[in-house]
Amino acid sequence: MNSAYLQAVRNASLVRRLGQVSRLSGLAIEASGPDVAIGELCRVIPRTGAPAILAEVVGLRPGNVTLMPYGSVQGLATGCNIEAVGMRSEIGVGLALMGRVIDCFGNPLDDLPMPCVDLQWPLRPQAPSPMRRPRIEHVLETGIRAIDSLLTLGKGQRVGIFAGSGVGKSTLLGMIARHVTADVNVIALIGERGREVREFIDKQLGEDGLRRSVVIVATADQPAAARVRATHAAIAISDYFRAQGKQVLLTMDSVTRFAMARREIGLSAGEPPTARGYTPSVFAELPELCERCGTGPSGGSITALLTVLVEGDDFNEPISDSLRAILDGHLVLSRDQAHRGQYPALDVLKSASRLMPDLCDNADRSLAQEAIRVLALLERSRQMIDLGAYETGSNPELDRALEKQAGLFAVLRQQEGGVARAESMRQLQAALGISAAQRGQA
């Protein structure tokens, strides 16, 4: 015990490191001093006597420090004092977080007492060594028929949900979070509207879903630094539960708003803009986030479902393009499918799960391939059918596809999650008119 006290005294800072605000540029604070390093936190003290504002060091130049605040800069002026308070690159973790809604520092947002955490966990833990990662061998049941049967996911897989605004990303995430076969849900709501946060928790997640979830929130009105820290906090909490051998589902809505926040910080720190104004640090940090997910040596895993808000429905914009190359699969939600009344509006033909061939047996794989073949044939012929230019009997294969169309679309539509994967495969088999004997011979 004495050695712990001695170590605490040795690590204690006996000198106050001070500086002063020299310039305010947008949301960035430029200061002369203090003596700090990148990532350290500082306390900015307004002259008005208002509470101090916490800010993070994001840029350094000779005699100049750039900080991004975690709160409003109202009331700040040149000459305000700044005091360095250290790194604080940790967050409290433990079972007490289950069922709680917290901010990027672990403070409660649900009007309940402060969680009694077990220990402090690094905010940016190292990704597991590639040679110590177990292979992904177990199916993750999401309870969504279209995903479990045609785009099977595995425990530890990293998947992007690509969609424009208002196509149903949050609804799909809520359906999955309520029914997925995982020990812990870690849900990061990054840059969401405040109304949507409460609506997601009450309506989409529900009491049962919240009970086995940890929700980390940084709303759209919060500064960029808070949105970035909330993202890292969610992955750190997931990493803690994975280290305990838990199967964790990390859902983040959305990784695009994280990238926008990182761009804002990078531009304030003086980075050059590149594709659509995104700075190089954005494209360096995206793979870092994704690689921290996946399987771990403990036997636990982090399955990541990261929503990607596609700007202007352009699926080739920089963030979407970069993430498709990093992730282990992508689920595309289509506005066209939504207009046809199909929810979830999953476009199976544009989606892919890179691990499905390893996770499914031959019978399931053949069944999924047949369903996709039928859907592709219907899609190719849709315009001709809608115009009334197709005559029955012209193409026997298309005739058979049209007979299966109603049953197949019924399988793809779903109002509520929770359908077992075995039942999803049985319903898909019935929709395709394949007998059990035929499936067994596949």
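Below: a short report on this structure. Every chain is numbered independently, its residues counted from 1 as its sequence is written. Where totals are concerned, whole chains, interfaces and linings use all residues; where local detail is concerned, this predicted model gives features only for residues with pLDDT of at least 70, and gives and counts side-chain atom pairs only at 80 or more. The side-chain numbers reported here are obtained from all heavy atoms of the structure, hydrogens and water having been left aside.

1. Digging into the overall build of the protein chain
Piece 1. Helix and strand content of the protein chain: 14 helices and 19 strands.
Piece 2. For the protein chain, the C-alpha radius of gyration of 25 Å lies close to 22 Å, the compact-globule estimate for 442 residues.
Piece 3. Note on exposure labels: buried denotes an accessible area under 20% of the residue type's maximum, exposed denotes more than 50%, and partly exposed covers the range between, all computed with a 1.4 Å probe on protein chains only. Across the 442 residues that make up the protein chain, the buried fraction comes to 53%.
Piece 4. When checking whether two residues touch, look at their non-hydrogen atoms; a contact exists if any pair is within 4.5 Å. Excluding contacts between residues fewer than 6 apart, the proportion of contacts in the protein chain whose partners are at least 24 apart in sequence is 71%.
Piece 5. Carbon and sulfur atoms form 51% of the exposed surface of the protein chain, whose accessible area is close to 19900 Å². Numbering goes from the N terminus for both helices and strands, where a helix is a DSSP run of H or I of at least four residues and a strand is a run of E of at least two. Only C-alpha atoms enter the radius of gyration; for comparison, a globular chain is expected to reach 2.2 Å times N to the power 0.38, where N is the number of residues. To be clear on the numbers: accessible area is Shrake-Rupley with a 1.4 Å probe, and residue cover counts the displayed protein chains and nothing else.

2. Description of the pairing of strand β15 (residues 247–253)
Remember that side chains alternate between the two faces of the sheet whenever the strand is regular.
Piece 1. Of all 7 residues in β15, 7 are buried, a share of seventy percent or more.
Piece 2. Pairing analysis gives 6 bridges linking β15 to strand β17 (residues 301–309), with the strands arranged parallel. For Gln-247, the partnering residue across the bridge sits in β17 and is Ser-301. Between any two strands, at least two bridges found by DSSP are needed for them to pair.

3. Points about the environment of Pro-297
Piece 1. Residue position: Pro-297 is located in the loop between β16 (294–295) and β17.
Piece 2. You can call Pro-297 partly exposed: its relative accessible area is 44%.
Piece 3. Between the C-alpha atom of Pro-297 and that of Arg-133, which follows or precedes it by 164 residues, the distance is 5.8 Å.
Piece 4. With residues up to four places along the chain from it excluded, the contact list for Pro-297 reads Pro-128, Arg-132 and Pro-134.

4. Some points on the nonpolar core
Piece 1. Throughout, nonpolar core names a set of buried Ala, Val, Leu, Ile, Met, Phe, Trp, Tyr and Cys residues whose side chains join them through atoms within 4.5 Å. Of all hydrophobic cores here, the largest spans 56 residues; its most connected members are Val-186, Ile-216, Ile-237, Val-255, Leu-286, Ile-319 and Leu-323.
Piece 2. Examining the composition of this core, we find that 12 residues originate from one element, helix α5 (residues 224–243), more than from any other.
Piece 3. When sequence neighbours within four positions are dropped, the list of residues in contact with Ile-319 reads Thr-256, Ala-259, Tyr-278, Val-282, Phe-283, Leu-286 and Val-308.
Piece 4. Ala-146, Val-217, Ala-368 and Ala-371 belong to the second-largest nonpolar core, a separate cluster that totals 54 residues.

5. Let's talk about the packing of α5 against helix α7 (residues 280–291)
The packing of two helices is summarised by the inter-axis angle and the distance between the axes.
Piece 1. An axis is simply a line fitted to the C-alpha atoms; with a helix, the fit covers only the stretch in contact. Between two such axes, the angle follows the N-to-C directions and lies from 0 to 180 degrees. At a minimum axis distance of 10 Å, the contact between α5 and α7 shows a crossing angle of 25°. With respect to each other, α5 and α7 are oriented roughly parallel. Like other packed secondary-structure pairs, α5 and α7 cross with a definite hand, here left-handed. Side by side, α5 and α7 meet where Val-228, Thr-231, His-232 and Ile-235 of the first sit next to Glu-285, Glu-288 and Leu-289 of the second. Any angle that falls under 35 degrees is termed roughly parallel, while one over 145 is termed roughly antiparallel, one within 65 to 115 roughly perpendicular, and all others oblique. Should the near helix be turned anticlockwise from the far one by less than a right angle, the crossing is left-handed, and should it be turned clockwise, the crossing is right-handed.

6. Observations concerning the side chain of Arg-257
Piece 1. As for its placement among the helices and strands, Arg-257 is situated in helix α6 (residues 255–268).
Piece 2. For the purposes of these results, a polar contact is taken to be a pair of N or O atoms within 3.5 Å, where, inside protein, one atom must be able to donate a hydrogen and its partner to accept one; residues adjacent in sequence count only when each atom of the pair is a side-chain atom. At a separation of 2.8 Å, a polar atom in the side chain of Arg-257 contacts the side chain of Glu-192.
Piece 3. If we ignore the near neighbours within four places in the chain, the residues touching Arg-257 are Ile-190, Gly-191, Glu-192, Arg-227 and Leu-309.

7. A short note on unusual backbone geometry
Piece 1. Residues Gly-33 and Pro-34 are joined by a peptide bond in cis, for which omega reads -5°.
Piece 2. Tracing the backbone through its elements, the reader meets Pro-34 in the loop between β2 (28–32) and β3 (41–45).
Piece 3. Cis rather than trans, the peptide bond between Tyr-343 and Pro-344 has omega equal to -5°.
Piece 4. Position of Pro-344 relative to the elements: it lies in the loop between α9 (335–339) and β19 (352–353).
Piece 5. The phi dihedral of Asp-111 is positive, around 60°, even though this residue is not glycine.

8. Some details on helix α11 (residues 362–386)
Piece 1. Expected helix span is taken as 1.5 Å per residue step, with the number of steps being one fewer than the number of residues. When the terminal C-alpha atoms of α11 are compared, their 35 Å separation across 25 residues agrees well with the 36 Å that a helix rising 1.5 Å per residue should span.
Piece 2. The reported bend at a residue is simply the angle between two axes, fitted to the 7 residues ending at it and to the 7 residues beginning with it. Residue Arg-380 marks the point of greatest curvature in α11, where the axis turns by about 45°.
Piece 3. Of all the residues in α11, the buried ones are Ala-363, Asp-364, Leu-367, Ala-368, Glu-370, Ala-371, Val-374, Leu-375, Leu-377, Leu-378, Ser-381 and Arg-382.
Piece 4. One or two steps after α11, the chain reaches Gly-388, where phi turns positive at roughly 80°.

9. Re the pairing of β3
Piece 1. Direction of pairing for β3 relative to strand β4 (residues 53–61): antiparallel, over a ladder of 4 bridges. From the neighbouring strand, Cys-42 faces β4, where its bridge partner is Ala-55.

10. Observations regarding the pattern of salt bridges
Piece 1. When a carboxyl oxygen of Asp or Glu is within 4 Å of a side-chain nitrogen of Lys or Arg, the pair counts as a salt bridge. Counting across every chain of the model gives 29 salt bridges.
Piece 2. Its salt-bridge partner being Arg-23, residue Glu-30 comes within 3.6 Å of it at the nearest N-O pair.
Piece 3. Among the ionic pairs, Asp-208 bridges to Arg-211, the shortest N-O distance being 2.9 Å. Residue Asp-208 and its partner Arg-211 are located together in helix α4 (residues 194–211), separated by 3 residues, close to a single helical turn. Comparing Asp-208 with Arg-211, the two get one shared label, exposed.
Piece 4. Ionic contacts of the salt-bridge type, sharing partners, join the residues Arg-133, Arg-158, Glu-291 and Asp-328 into one network.

11. Focus: helix α13 (residues 421–432)
Piece 1. The end-to-end C-alpha distance of α13, which contains 12 residues, comes to 17 Å, matching closely the 16 Å that a straight helix rising 1.5 Å per residue would cover.
Piece 2. For α13, every residue scored as buried is listed here: Arg-421, Ser-424, Met-425, Leu-428, Gln-429, Ala-431 and Leu-432. For α13, the buried positions fall inside an angular range of 160° around the axis, keeping them on one side. For α13, exposure combined with an orientation more than 90 degrees from the buried face picks out Ala-422 and Ala-430. Throughout, the arc means that of the directions going from the helix axis to the C-beta atoms.

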